[in-house]
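Examination of the molecular architecture
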Amino acid sequence: MSLPLLRRPSLGVPALARREHLVLLLVVVVGAALTLFGTGCGARRPRPTRVAVTVARVERRAMPIEIVATGTIEPVQSAAVGAQVSGVLKRIAFREGQDVTAGQVLFELDPRPFRAALEQAIGALERDRAQWRNAQREAERADRLLAQSLISPAEHDQAIATAEALRASVRADSGAVANARLNLEFSGIRAPIAGRTGAVDVHVGDLVRASSGTPLVTVNQVRPIRVRFTVAQDQIPLVQRYRDGVRRVIVRLPDDSTTVEGRLAFVDNAVDAATGTLLLKGEFPNTDGHLWPGQFVEVRLVLAVQPDALVVPARAVVTGQQGSYVYVLAADSTAAARPVAVARSSETAAVIAAGLKAGETVVTDGQFRISPGARVQVRQGGQGARP
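Bear in mind that the values here come from a model prediction, so they are computed numbers and not experimental data.

**Observations concerning the nonpolar core**
Proteins that are soluble and globular tend to have nonpolar side chains buried together. Among the nonpolar cores identified, the biggest contains 23 residues, and V227, F229, V249, V251 and L301 are the most heavily contacted of them. Looking at this core, the elements with two or more residues in it are strand 2 (59-75), strand 11 (225-232), helix 4 (236-241), strand 12 (248-252), strand 13 (259-267), strand 14 (277-284) and strand 15 (296-313). Each residue touching V251, except ones within four places of it in the same chain, is listed here: V227, T258, T259, V260, F284, L291, V297, E298 and V299. A83, I189, A191 and V219 belong to the second largest nonpolar core, which has 20 residues in total.

Pasting the structure below:
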C-alpha cells in the first residue's frame, strides 16, 4: 500500500515578499555592523607617542673635591664673667649685647669696704715695720753686750728672735696690704677678653657673692669665629690625602642664600670611639657678623679642585640593582640606558669616572617613563642645562 506524498504548503505572494524584505534588512544590518567595527578598530589603533624629557650636556669643568657635613657655630673664646670679691653692685658700665674690649670695666662694686681694709692693712704694716726697726737695733746692741760678756747668751738669743719675729710680721703685713689693694682693684669687674656681651643677670644694689656659680654676664668672641663639625671615619683618608693643600671651609646659613668662606683651623688627634667621627673646626673672620654662636649651618670642606672633571647633573644618575646608569639621548631622538661609574656626587652634580664623553646629552627628568625604543621630546629650556 503506497503512502501519500507530503507536500509543503505553497507560500503566497505576500508572504514571499515579506521574507525577501527581512533577508535584505539583515544584510544591511550586518554590513553596517561590519563597517562600524572596522571603523572602531581603526580608531583604537595605538599611535606612537613621544615622552617629554629634560636633558643636559655632559661637560668637562673644574669640580671641587669636598665633604659636606652639618656644623655648629661657636666662639673662638667664651668667658663667664664673675666676681672675685663679694660686695654690693654699684654700677653696670655697659649695655647688654654691646661689644667690649679686653680689660674694659663691666661692673663696679661699692669700693668703700675695700678701701677701709686697705688702710687698715697699711697701718698694721707701718706699726710692725717700726717695731721691727727697733728690734733690729736691740739685736745689734745685744751683739755688742754679748761680746763684752755683759749679757747672757740667752738674753742675746731672745733679742735676735724678737727681731726675726717682727721681720716676719712685716712680711705678712706687706702681703695683707697687697691683698687688700687687689680686692679694691677687683671691685671693678673687667672683661677678660674682647667680644660681645650677653644677658646680664644682676641689677644695681644686688649683693654679688664671689662664691656664686652663676656668671654675671658671658662674653663671646665672635670676630673671628669658628664652626664645629665632624666627618665620618671612612672619610679620614680623604682628609689626610689633601692635608698639605689649602683647605677651605664654606658654610651656608639657614636662609640658604648666604655663604661664608674660611679656612680649616683644627683637626682632632683621635676619632671619637662612641660616634666613629673625627672633629674638625673652621675659622672665619666674620667681619660682617653673619655668623652667630649656636647656629646650625651646612658645611662644605673643600680639600682640592679637580680641573677637568666630567660632570652631569646629579638627577641624571639613576641607581638600580646593577649599579648606576644614565639615559643618553641619540641622534634619532631615542634614549637608551648606559651604565656609568660615579666618582663622587653632591646635591647638584655628579662626577663621572667612566661611561660618558663630553658633549653627549643625558636625560635629567622623565627617565622612568622611557620604554625601550621609545622616542623622546625635549622640553623647551632643557637642552644644554648646566648641572
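**Examining the sheet that holds strand 9 (residues 207-208)**
What the four strands build is an open sheet, ordered 7-6-4-9; its pairing is antiparallel. At either margin of the open sheet sits one strand with a lone partner, and together these are strand 7 (188-190) and strand 9.

**Section: the pattern of salt bridges**
Tallying each qualifying case throughout the model produces 16 salt bridges. A salt bridge links E164 to R167; the nearest nitrogen and oxygen atoms lie 2.6 Å apart. You can see E164 and its partner R167 sitting in helix 3 (residues 153-186), three residues apart, about one turn around the helix. For E164, a relative accessible area of 40% translates into the label partly exposed. Note that D365 and R379 form a salt bridge whose closest N and O atoms lie 3.1 Å from each other. With D365 in strand 21 (residues 361-365) and R379 in the segment after strand 22 (376-378), the pair connects residues that are 14 residues apart, well separated along the chain. According to the relative accessible area criterion, R379 is partly exposed, its value standing at 34%.

**Observations regarding the environment of T319**
With respect to the secondary-structure elements, T319 resides in strand 16 (residues 318-320). Relative accessible area serves as the criterion here: at 64%, T319 is assigned to the exposed category. Taking C-alpha positions, T319 is 9.6 Å from P339, a pair spaced 20 residues apart along the chain.

**So, the packing of helix 2 (residues 112-147) against helix 3**
Running from N to C, helix 2 and helix 3 cross one another at 160°; their axes reach a closest spacing of 7 Å. The pairing of helix 2 with helix 3 is recorded here as roughly antiparallel in orientation. Here the hand of the crossing between helix 2 and helix 3 comes out left-handed. Partitioning the contact of helix 2 with helix 3 into residue classes produces 22 nonpolar, seven polar and eight charged.

**Observations regarding unusual backbone geometry**
The bulk of non-glycine residues show a negative phi, and the bulk of peptide bonds are trans. Here R223 and P224 are connected by a cis peptide whose omega angle stands at 0°. Here P224 lies in the loop between strand 10 (217-220) and strand 11. A positive phi angle, near 70°, is found at S333, a position not held by glycine. Along the chain, S333 falls in the loop between strand 17 (323-329) and strand 18 (335-339). Exposure remark for S333: the relative accessible area of 26% places this residue in the partly exposed category.

**Focus on the sheet that holds strand 3 (residues 78-81)**
Spatially, the four strands line up as an open sheet ordered 3-10-8-5, and their pairing is antiparallel. Each edge of the sheet is formed by a strand with only one pairing partner; in this case those strands are strand 3 and strand 5 (99-100). Two strands pair when backbone bridges link them, and strand 5 and strand 8 (residues 195-197) are joined in this way by two bridges, in the antiparallel orientation. The residue bridging V100 from the neighbouring strand is G195, located in strand 8.

**With respect to the environment of S174**
Positionally, S174 belongs in helix 3. The class of S174 is partly exposed, set by a relative accessible area of 30%. Spatially, the C-alpha atoms of S174 and E126 are 9.4 Å apart, while their sequence positions differ by 48 residues. When near neighbours in sequence (up to four residues on either side) are disregarded, S174 contacts L125 and R129.

**Regarding the pairing of strand 4 (residues 87-92)**
With two bridges joining them, strand 4 and strand 9 adopt antiparallel strand pairing. Bridge pairing in strand 9 places V88 opposite L207.

**Things to note about helix 2**
Between the first and last C-alpha of helix 2 there are 53 Å, a value that for 36 residues agrees with the 52 Å anticipated at 1.5 Å per step. Residues of helix 2 that are buried: F114, L118, A121, A124, L125, D128, A135, A139 and A142.

**Some words on the confidence of the model for the chain**
Here the chain averages 87 in pLDDT, while 85% of its residues score no lower than 70. Low confidence marks residues 1-13, where pLDDT is under 50. Its contacts with residues over four positions away, or in another chain, come to zero contacts.

**Looking at the packing of aromatic side chains**
Taken as a whole, this structure holds two aromatic pairs when the rule is applied. Between F94 and F107, the aromatic rings sit 5.4 Å apart at their centres with planes inclined by 90°, giving edge-to-face as the arrangement. Pair noted here: F94 is in the loop between strand 4 and strand 5 and F107 is in strand 6 (residues 105-109), with a separation of 13 residues, a long-range link. In terms of burial, F94 and F107 fall into one category: buried. Ring geometry for Y325 and Y327: centres 6.0 Å apart, planes at 75°, overall edge-to-face. In this structure Y327 comes out as buried when scored by relative accessible area, which is 15%. Lying over the aromatic face of F266, K281 brings its terminal NZ or CZ to 5.7 Å of the ring centre.

Criteria and thresholds
- Residues numbered from 1 in each chain as written.
- Predicted model: local features only at pLDDT ≥ 70, side-chain atom pairs only at ≥ 80, totals over all residues.
- Heavy atoms only, no water.
- Core = buried A, V, L, I, M, F, W, Y, C linked by side-chain atoms within 4.5 Å.
- Buried < 20%, exposed > 50% of the residue type's maximum accessible area, 1.4 Å probe, protein only.
- Helix = DSSP H or I, 4+ residues; strand = E, 2+ residues; numbered from the N terminus.
- Contact = heavy atoms within 4.5 Å.
- Pairing = 2+ DSSP bridges.
- Salt bridge = Lys/Arg side-chain N within 4 Å of Asp/Glu carboxyl O.
- Axes fitted to C-alpha atoms, helices over the stretch in contact; angles between N-to-C directions.
- Parallel < 35°, antiparallel > 145°, perpendicular 65-115°, else oblique.
- Left-handed = near helix turned anticlockwise from the far one by under 90°.
- Nonpolar A, V, L, I, M, F, W, Y, C, P; charged D, E, K, R; others polar.
- Expected span 1.5 Å × (residues − 1).
- pLDDT = per-residue confidence, 0-100.
- Phe/Tyr/Trp six-rings, centres within 6.5 Å; stacked < 30°, edge-to-face > 60°.
- Lys NZ or Arg CZ within 6 Å of the ring centre and 35° of its normal.

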